Amino acid sequence: MVSVTSQPEEGRKSAPFPAWLRKFLTTCGSIAATMLGLLLVTFVIGRVMPIDPVLAIVGERASQESYDAVYHQLGLDKPLMVQFFYYLWDVLHGDFGNSLLTARPVSQDIARVFPATMELATLGVVIGMFLGIPMGVLSAVHRGTWIDQTIRVLTLVGYSMPIFWLGMMGLLLFYGILGWVGGPGRLDIFFEGLVPSVTGMVLVDALLAGDMDVFWNGFSHLILPASLLGYYSLAYISRMTRSFMLEQLSAEYITTARVKGLSERQVIWGHAFKNIRVQLVTVVALSYANLLEGSVLTEIIFSWPGIGSYITTALLSADMNAVLGGTVVVGLIFICLNILSDLLYKIFDPRAK
Amino acid sequence: MSEQTLKQWLLSDAPTSRMQARVAGLYQGWLRLTSNWMTLTGLIILTALVLVAVCAPLLAPHDPFEQDLLNRLKPIGYDDHYLGTDSLGRDILSRLIYGSRITLYIVALVTLIAPVVGLLVGTVAGYLGGWTDQILMRTTDVFLAFPRLVLALAFVAALGPGIENAVLAISLTAWPPYARMARAETLTIRSSDFIAAIRLQGAGPLRIITRHIWPLCISSLIVRVTLDMAGIILAAAGLGFLGLGAQPPSPEWGAMISEGRRFILDHWWVATIPGLAIFTVSLAFNLLGDGLRDVLDPKDGGHG
Amino acid sequence: MMIFKSLLAGAAIGLAISTSPMAIAATPDNVLVVAMRIDDITTLDPAESFEFAGGDVSRNVYMKLVNFDPTDLDAGYKPEIAESWTVSDDGTTITFKIKEGLSFHSGNPVTAEDVEFSLQRAVLLNKTPSFILTQFGFSAENVAQTIKADGDTVTITTDQPYATSFVLNCLTATIGGIVDKKTVLAHEVDGDMGNEWLKTNSAGSGAYSVQAWNPSDSVVMTANPDYYRGTPEMTRVIIKHVQESASQRLQLERGDIDVARNLNPEDVAGISSVEGVKVVDELKGRLMYLSLNQQHPVLSKPKVREAFKYLVDYEGMTQSFLKGQYTVHQNFLPQTYLGASSENPFALNLEKAKALLEEAGVDGLELTVGVREAQERLEIAQSFQNNAAAAGIKVNLTVGTGKQILGQYRARELDVYLGAWGPDYPDPHTNAGTFAFNPDNSKEANATGLLAWRNGWDTAGLTEKTAAAVVENDRAVRAKLYDEIQAEFRETSPFIVMAQQIEQNAMNEKVMNFSGGQAITSASYWQVTK
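Note that this is a predicted model, so its numbers are computed, not measured. (Residues numbered from 1 in each chain as written. Chains lettered and ligands numbered in written order. Predicted model: local features only at pLDDT ≥ 70, side-chain atom pairs only at ≥ 80, totals over all residues.)

Enquirer: What exactly am I supposed to notice about the overall build of chain C here?
Expert: Helix and strand content of chain C: 19 helices and 17 strands. Over its C-alpha atoms chain C spans a radius of gyration of 24 Å, differing by no more than 12% from the 24 Å that the globule rule assigns to 530 residues. Dimensions of chain C, computed from the C-alpha atoms along their principal axes, are close to 70 × 70 × 45 Å. Out of the 530 residues in chain C, the part that is buried amounts to 56%. (Helix = DSSP H or I, 4+ residues; strand = E, 2+ residues; numbered from the N terminus. Rg over C-alpha atoms; globule rule 2.2 N^0.38 Å. Buried ≥ 20, exposed ≤ 12 C-beta atoms within 10 Å, placed from the backbone.)

Enquirer: Looking at this structure, how should I read the overall build of chain B?
Expert: Assigned secondary structure in chain B consists of 12 helices and zero strands. Each helix and strand of chain B, ordered N terminal to C terminal, gives the series α-α-α-α-α-α-α-α-α-α-α-α. Once the C-alpha set of chain B is aligned to its principal axes, its extents read approximately 75 × 60 × 30 Å. Scored against the burial criterion, the 304 residues of chain B give a buried share of 51%.

Enquirer: Just to check I follow, could you spell out the pairing of strand 15 (residues 394-400) of chain C for this structure?
Expert: Residues and elements named next belong to chain C. Of all seven residues in strand 15, five are buried, a share of seventy percent or more. As paired elements, strand 14 (residues 366-372) and strand 15 share seven bridges and run parallel to each other. Residue pairing in the sheet places Val 371 in a bridge with Val 399 of strand 15. Crossover strand 14 to strand 15 through helix 14 (residues 375-390) is right-handed. (Pairing = 2+ DSSP bridges. Right-handed = clockwise from strand over helix to strand, strands pointing away.)

Enquirer: Before we go on, may I ask you to explain the sheet that holds strand 5 (residues 93-98) of chain C in this structure?
Expert: Two pairing modes exist for strands in a sheet, parallel and antiparallel, and in both the strands are linked by backbone hydrogen bonds. All names here are of chain C. Reading across from one edge, 4-5-7-6 is the order of the four strands in this open sheet, with antiparallel pairing throughout. Each edge of the open sheet carries a strand with a single partner, namely strand 4 (82-87) and strand 6 (147-150). The average undirected angle you get between the axes of adjacent strands in this sheet is 20°. Here strand 6 runs beside strand 7 (residues 153-157); their pairing, made up of four bridges, is antiparallel. Pairing of Ile 147 across the sheet is with Ile 156, part of strand 7. Contacts between helix 3 (residues 112-125) and the sheet are confined to strand 5, strand 6 and strand 7, with strand 6 contributing the most and set at about 170° to the helix. (Axes fitted to C-alpha atoms, helices over the stretch in contact; angles between N-to-C directions. Contact = placed C-beta atoms within 7 Å.)

Enquirer: Help me understand the nonpolar core in this model?
Expert: The nonpolar side chains of a soluble globular protein tend to be buried with one another. Ala152(B), Ile170(B) and Ile233(B) are the most contacted members of the largest nonpolar core, which totals 341 residues. In this structure, this core is formed jointly by two domains, domain 1 (18-92) and domain 2 (107-352) of chain A, each of which donates at least three residues. Look past the residues within four positions of Ile233(B) in its chain and what remains in contact with it is Thr103(B), Ile106(B), Val107(B), Ile278(B), Val281(B) and Ser282(B). (Core = buried A, V, L, I, M, F, W, Y, C linked by C-beta atoms within 7 Å. Domains from an automatic or database assignment.)

Enquirer: Sorry if this is basic, but what is going on with the environment of Tyr289(C) here?
Expert: All names here are of chain C. Summarising the element assignment, Tyr 289 is placed in strand 12 (residues 277-292). Judged by the 20 C-beta atoms lying within 10 Å of it, Tyr 289 is buried. Separated by 48 residues in sequence, Tyr 289 and His 241 place their C-alpha atoms 27 Å apart. In this view, Tyr 289 contacts Gly 419, Trp 421, Phe 495, Ile 496, Val 497 and Met 498; residues no more than four positions away in its chain are not counted.

Enquirer: Please explain the packing of helix 5 (residues 92-128) of chain B against helix 12 (residues 269-296) of chain B as it appears in this structure.
Expert: When two helices pack together, their arrangement is given by the angle between their axes and by how far apart the axes lie. Residues and elements named next belong to chain B. Remark: helix 5 packs on helix 12, axes separated minimally by 11 Å, with the N-to-C direction vectors making an angle of 35°. For helix 5 against helix 12, the interelement crossing comes out right-handed. Only Val 270, Ile 273, Pro 274, Ala 277 and Val 281 of helix 12 make contact with helix 5, whose side of the interface consists of Ile 92, Leu 96 and Thr 103. Its residues assigned to classes, the contact of helix 5 with helix 12 comprises seven nonpolar, one polar and no charged. (Left-handed = near helix turned anticlockwise from the far one by under 90°. Nonpolar A, V, L, I, M, F, W, Y, C, P; charged D, E, K, R; others polar.)

Enquirer: What am I meant to see in the packing of helix 7 (residues 163-177) of chain A against helix 9 (residues 212-249) of chain A here?
Expert: Residue and element names in this part refer to chain A. One can describe the packing of helix 7 onto helix 9 by two numbers: an axis separation of 10 Å at closest approach and a directional angle of 140°. Judged on the interaxial angle alone, helix 9 and helix 7 are oblique. In this structure, helix 7 meets helix 9 at a crossing whose hand is right-handed. Contacts between helix 7 and helix 9 involve Ile 163, Leu 166, Gly 167, Gly 170, Leu 171 and Phe 174 from the first element and Leu 224, Pro 225, Leu 228 and Tyr 232 from the second. (Parallel < 35°, antiparallel > 145°, perpendicular 65-115°, else oblique.)

Enquirer: Teacher, can you tell me more about the interface of chain A and chain B here?
Expert: Contacts between the two partners involve 44 residues from chain A and, on the opposite side, 41 residues from chain B. Looking at the side of chain A that touches chain B, the element that brings in the most residues is helix 1 (residues 19-48) of chain A, giving eight residues. Considering only residue class, the side of chain A that touches chain B consists of 28 nonpolar, 13 polar and three charged.

Enquirer: When you look at the confidence of the model for chain C in this model, what are you seeing that I'm missing?
Expert: Keep in mind that low pLDDT regions are not for reading the predicted coordinates in detail. Residue and element names in this part refer to chain C. The predicted model of chain C averages 90 in pLDDT, with 95% of residues at 70 or higher. Taken as a whole, residues 1-24 scores under 50 in pLDDT and shows 30 contacts with residues more than four places along the chain or in a different chain. Scored as a whole, the predicted complex attains pTM 0.85, and scored at its interfaces, ipTM 0.80. (pLDDT = per-residue confidence, 0-100.)

Enquirer: Sorry if this is basic, but what is going on with the pairing of strand 14 of chain C here?
Expert: A regular strand carries its side chains on alternate faces of the sheet. Residues and elements named next belong to chain C. Extensive coverage of strand 14 is indicated by the burial of five of its seven residues. In this structure, strand 14 lies alongside strand 16 (residues 416-421), joined through three bridges in parallel fashion. When the bridges of strand 16 are listed, Val 369 appears paired with Val 416.

Enquirer: Any chance you could explain unusual backbone geometry here in plain terms?
Expert: Trans is the prevailing form of peptide bonds, just as negative phi is the prevailing case for residues other than glycine. Here Pro248(B) and Pro249(B) are connected by a cis peptide whose omega angle stands at 5°. Looking at the element boundaries, Pro249(B) is found in the loop between helix 10 (205-241) and helix 11 (253-260). Its identity as a non-glycine residue notwithstanding, Ser303(A) has a phi of 45°, on the positive side. With 23 C-beta atoms counted inside 10 Å, the residue Ser303(A) sits in the buried group. Within the chain, Asn513(C) stands out as a residue other than glycine whose phi angle is a positive 65°. You can see Asn513(C) is positioned in the segment after strand 17 (495-508). Take Asn513(C): there are 14 C-beta atoms within 10 Å of it, and that puts it in the partly exposed class.

Enquirer: Would you explain the confidence of the model for chain B in this entry?
Expert: Mean pLDDT over chain B stands at 85; residues scoring 70 or higher make up 96%. Across residues 298-304 of chain B, confidence stays below pLDDT 50; counting only partners more than four residues off in sequence or on other chains, it has 12 contacts.

Enquirer: Explain helix 5 of chain B to me, please; I cannot follow it from the model alone.
Expert: For the α-helix, the turn length of 3.6 residues means that residues three or four positions removed from each other point alike. Residue and element names in this part refer to chain B. In this model, helix 5 (37 residues) spans 53 Å end to end at C-alpha, consistent with the 54 Å of a helix rising 1.5 Å per residue. Of all the bends in helix 5, the greatest, near 25°, is centred on Val 110. With its phi angle positive at about 65°, Gly 129 sits one or two positions after the end of helix 5. (Expected span 1.5 Å × (residues − 1). Bend = angle between axes of the 7 residues up to and from the residue.)

Enquirer: Mind showing me how you'd approach helix 18 (residues 462-470) of chain C here?
Expert: Residue and element names in this part refer to chain C. By the burial criterion, the buried members of helix 18 are Leu 462, Thr 463, Thr 466, Ala 469 and Val 470. The buried side chains of helix 18 occupy one side of the element, clustering within an arc of 125° when seen end-on. Seen from the buried face of helix 18, the exposed residues on the opposite side, beyond 90 degrees, are Glu 464 and Ala 468. Summarising the contacts, the buried residues of helix 18 are in contact with helix 6 (164-171), helix 16 (429-435) and helix 19 (475-492). (Arc of directions from axis to C-beta.)

Enquirer: How should the environment of Val477(C) be read in this particular structure?
Expert: Residues and elements named next belong to chain C. Turning to its location among the elements, Val 477 is positioned in helix 19. On the neighbour-count criterion, Val 477 (10 C-beta atoms within 10 Å) is exposed. C-alpha of Val 477 to C-alpha of Trp 453: the two residues are 24 residues apart in sequence and 27 Å apart in space.

Enquirer: What should I look at first to understand the environment of Thr93(C) in this one?
Expert: Residue and element names in this part refer to chain C. Residue placement: Thr 93 occurs in strand 5. Thr 93 sits 66 residues away from Asp 159 along the chain, and the two C-alpha atoms are 9.2 Å apart. Ignoring anything within four residues of it in the chain, the contact list for Thr 93 reads Ser 88, Thr 155 and Thr 157.

Set out below in structure tokens:
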């Protein structure tokens, strides 16, 4: 649902800043507060976790001596708050530290894994949008008929499916048996490294390099997991579209438009749909944010080297720098998308003014 | 009244008592709910689930924990193993039946925790406003901005795997939307005349929140909970799939899929059957939730 | 929806019963594509690398003083960078003569100085595997004297006379990899001896160099055209991380990969009927064991220890869910190791276990078994749980990630631990030195690296025997000593060794001479053809 967090105006008389600036600063302030909270919670979770980050580095055979050395090296002998401030200081300087698992800077890792997730989620949300919106409109227009019911059941099914199970089944059928799509991973092995990585997104890179073979190979790997995610977001988008449309269709101006003799098509697309576009942007943005953070299981099933599986693996190995870095990035994007959609809503929706 | 049948009494346009009005309202809601085959299907499936869970010992043909290494990975319909056996030769049907108890347990616990916490935070924030509101809502934002599964994973990892901890972790990720919703509703209710009147009578904030605001938030909360239930079951299954939910030998459905996925190519039923079970139950919750929304949530445009 | 379901189900059955030949989407003839789990690689630096997948990479990138020939593993170590060696009369000094004409990937010649630098570096960096070298008495203080280059020879001096084979076997471990001193030092940062750089790069002289390592995704290696045994036929080796066994199998069936290294028994059974695919078995060194914490008042009773050895269904497990991938083995030395015993006296016997427990006066025992989240271990744990229940013992499983459970194990917090142990170097001392060696069992000793200590077991005299065996230079006598230690260990120890691993590598039948390294070393690729 759309949340418009409008603060009740306190009515301060002599504001030193113009209203828009104050609003801007408040927004920035709340983002900063949220991010700080996000970091703190992640940090605390990381430290109370019974997984020992030192063991994660030194391994099973380590003697107590090498254990203690690493313990000290990681600064774990300092008080928790001190550790947190050190970390915060580094982050403010753009340094997320090194990952224990990959032995590289976390920022570099994220630059590698995030585009993979973005590519997947973007195609997913595009599929969800282009199928979900027409289905939602159709469902609302033909409310109560078999069309409506079929679409509703179809979307509810998408909501109810354990995505990891559907993923396994999809892989088995479309890759294993039919051979229509590529297998796990982003490319066939011998297509790897053929085009220079510019954006980190295989399809975009292939297009930039003009290599259509790589493009189609990448596409054949991407299409199945993206369709799964797309199905999931389709369910959400079409449900929301339906209920927005129903609201519009029962409004008086629609009756007026009909009385004026406009064609049904004009009424639906020209009037009713026009009025829900802004709300839909919000829904799509939210859905996109959800896919970006919610593709963990899909990534695991499809060996997709994305941010979801990156954070999960890191978490289970107590690679806290990686977990913190990944969480901050995902959280930041989530917050930004939310603010963006709120903003759009406020700018374009007449009622919100 | 003696002339009337019960049905007429319930459907009367002019209720004669408060009780009649209330009961009649419920009855009409019930009628609307069951008039839709989709909702009805959901309801029937869930009732069946409860019955299966209650009667598990009577229904299960085998002990769900009994191993038989000689008869492992047997196909559907083998001997008296109607749905085959798993990797340790345990009867899948019996495990499925006992697993329904775990599913219900998860559902019940999360329902007890997440919406209540959300309601509490949201109404307090909305009613008191000011700094309390700021702090509570920023906290909510923090949890909302967290990648959901990651937060749950982190919590389970911190608390140690197990079904109770999985439930706690899921609740932790599930409450913020309720808080936001409750806050929004509180904001509209707070400024209404009747709250002002109650306040004039000298009622304190605690009384107003618990006695007058909570009841008004309940119906939209119920809808939301039912719609979320599918997501919660899937999240629990996801944790089970990652080995962080119920612990072996517990027949939790997600864990069963996880165990069975190794045999997906040759013994597909081991993972597929619990997958179907999860799918059926979450679909049922979605169907019911959809119907409930039509009935209870007037904003969404009445009956369906 | 239901139509879709039944379609799927039908298709799956179709797949299960069909024995379709392999699709012909073959990989290029000069590229070897291997699918395996490589998410355990956290570093490529040979002085630090200590995991299975990392060992594979390292074996192909770095040459060592002495090394194994993958086409003749039974022969034991052979000269590689060292042309020959001599041992001093007192048995404490070994002098290696360095072969001439070898060069690193950078073009720099391999010299005695590089050998000295590499071994000293491993000691000085003091990373986890450093104990393999420091057990000979090397330390940061004395390493300048104990490991020394002089002209074309390198001399190493140990603190007491060890069996020469023991020392040389240790040098075949990953940590014995010789790095290119000039190249490494060029990348030194803050006196780290190039550790940070070597974590993600390679500077060796072996058959391959690392072109790229993408963590949890892939390792790409390029052949070294100047390799001393000739340019490898596979000019590129791509190791691809594929988590699921089913995915590896599908990819092999479709011809997208050449070798699948982590297939489970069911998938091996499934794929062996596919045309064009073969499965090659290799006995590995990894052992599956249960251990009983001797700090526990009941578990420390000898009768109870014995009873537990009858509560494991050795045969049942290796015939069902471990089939083909583990073989019953009840001794701490893996088969093919010097002195390894092949006596397996125990079998599942509930009556006997119950009787023993009764004699010990055990009633209503409840235990916590720590096990890490891995399917085969969970199944072993559940099977054991089942048998224990039949003998009146309630077993609760604590499942967690490896690090989680390991932490508890190292802190002596678990009643029972179910785990696996793989040898660190191909010498019997690698296992004897941890299972049957514990000089100080006190809590303060904190010898967390020793399995005996973790279980609070004082080894009842085996510590001395183990110490004696490691300095014995007569091979036959040494073997006999280990046999005796194992015999006693089997009966008295709180360890229940259950099975030894067999690795089943499935591959395209065109792939020849693939070697996973058996129980003594890691995989190598230079000799592979297809």
